[in-house]
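# Structural characterization, general
Here is how the chains run, residue by residue.
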Amino acid sequence: MRAVVFEHEEHEGPGLLGATLEAAGFTLVRRFRTVRREDVDAPLVVVMGGPMGVYEADAHPFLNDELALLGERLANDRACVGVCLGAQLLAAAAGAQVSPGKNGFEVGVGPVRWTPEALKDPVVAGVKPRTAVAHWHGDTYTPVPGATLLASTDRYTQQAFRLGKSYGFQFHLELTAKELGRWLELGAEDLLTRGKDLEDLKAQLPRLKAAEAENTALLGRLAHALARGLRTP
């Protein structure tokens, strides 16, 4: 089974999500800022994050290609997974509006609150009501038409959703503490410009390390649920 993974920054790969998909029987086909026509029929499409906004498609034409592909897949209930920018693209393809968040830039390690519907979801069920995850986003989206809200934070209500066979996660379940630490180093200058304390952000990494097993288990359930759905006649 092919899982086509759209990536937008060289250091933002599928991480733990990629490993769990492979363990569930998927073969990853990685694309960098490009879409191929055959991707619309792939068993699974995964869209990762990036620094650009959905509303900046004029400057980044590949975003329009991804939006069109996601819209076609959603219309046919073909499975997609969106992470951060990917979740925003998935939301936009479903009819939501994406914009810079009024509550500022959300970065570091912090909890998400799973909704009651999430705790009954076959993928999410089994997690604690609050989970420590990695955040790195400044944009948000309006409620996704027809979707089930799965998670929120104090800063932003829209943090995860399920729409048919597809899932969107605004946060970064795929990141280990080590990888988030690397992101912090790579983005140090930008974070300082935004008024963020780099040492304070690094001090949060042990919380993500402690949640790694739980987050990996959730991604494993997601990967196996997607694989089972594809194998069902």
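Quick caveat: nothing in here was measured; it's all calculated off a predicted structure. (Residues numbered from 1 in each chain as written. Predicted model: local features only at pLDDT ≥ 70, side-chain atom pairs only at ≥ 80, totals over all residues. Heavy atoms only, no water.)

For the rest of this paragraph, the subject is the pairing of strand β3 (residues 44–47). Alternating positions in β3 separate into two faces, L44 and V46 on one and V45 and V47 on the other, with burial throughout. Two elements, strand β1 (residues 2–7) and β3, share 4 bridges in a ladder whose sense is parallel. Counterpart to F6 in the pairing with β3 is V47. The pairing of β3 with strand β4 (residues 80–83) spans 3 bridges and is classified as parallel. If you follow V47 over to β4, its bridge partner there is G82. With helix α2 (residues 62–75) bridging β3 and the parallel β4, this β-α-β connection has right-handed handedness. (Buried < 20%, exposed > 50% of the residue type's maximum accessible area, 1.4 Å probe, protein only. Helix = DSSP H or I, 4+ residues; strand = E, 2+ residues; numbered from the N terminus. Pairing = 2+ DSSP bridges. Right-handed = clockwise from strand over helix to strand, strands pointing away.)

What follows concerns the packing of aromatic side chains. Summed over all chains, the structure comprises 5 aromatic pairs. Ring geometry for W136 versus W183: centroids 5.8 Å apart, planes at 80°, classification edge-to-face. With a gap of 47 residues between them, W136 in strand β7 (residues 130–137) and W183 in helix α4 (residues 177–186) connect regions that are remote in the sequence. Note on accessibility: W136 and W183 belong to one class, buried. For the ring pair Y141 and F161, a centre distance of 5.8 Å and an interplane angle of 75° mean the geometry is edge-to-face. On the criterion of sequence distance, the pair formed by Y141 in strand β8 (residues 139–141) and F161 in strand β10 (residues 160–163) is long-range, its members being 20 residues apart. No difference in accessibility class separates Y141 from F161, as the two residues are buried. (Phe/Tyr/Trp six-rings, centres within 6.5 Å; stacked < 30°, edge-to-face > 60°.)

Backbone hydrogen bonds are what pair the strands of a sheet, in a parallel or an antiparallel way. What the 9 strands build is an open sheet, ordered β2-β1-β3-β4-β11-β10-β9-β6-β7; its pairing is mixed. This sheet does not close on itself; its edge strands, each paired only once, are β2 (27–32) and β7. Pairwise comparison of adjacent strand axes, ignoring direction, gives a mean angle of 20° for this sheet. Bridge count between β10 and strand β11 (residues 166–169): 4 bridges; the pairing is antiparallel. Its bridge partner lying in β11, A160 is registered against F169. Together, β3, β4, β7, β10 and β11 form the strand contacts of helix α3 (residues 85–93), whose direction differs from that of β4 by roughly 125°. (Axes fitted to C-alpha atoms, helices over the stretch in contact; angles between N-to-C directions. Contact = heavy atoms within 4.5 Å.)

Glancing now at empty space enclosed by the protein. Enumeration according to the criterion identifies 1 cavity of 30 Å³ or more in this entry. A volume near 40 Å³ is recorded for the largest cavity. Around the largest cavity sit L17, V81, V83, F169, L173, E174, L219 and L222, which together line it. Elements that contribute at least two residues to the lining of the largest cavity include exactly β4 and α7 (205–231). Across the lining of the largest cavity, the residue classes break down as 7 nonpolar, no polar and 1 charged. (1 Å grid on protein atoms, 1.4 Å probe; cavity = no way out; pocket = protein on both sides within 12 Å on 5 of 7 lines; lining within 4 Å. Points joined across faces, edges and corners; volume = space filled by probe spheres on them. Nonpolar A, V, L, I, M, F, W, Y, C, P; charged D, E, K, R; others polar.)

Before going further, it helps to spend a moment on the side chain of T131. Following the sequence through the fold, T131 ends up in strand β7. Polar side-chain contacts of T131 include one of 2.7 Å to the side chain of W114. Here T131 is in contact with G110, P111, V112, W114, E214 and N215, once residues within four sequence places are set aside. (Polar contact = N/O pair within 3.5 Å; in protein donor to acceptor, adjacent residues only side chain to side chain.)

No statement about biological role is implied by the geometric values presented.
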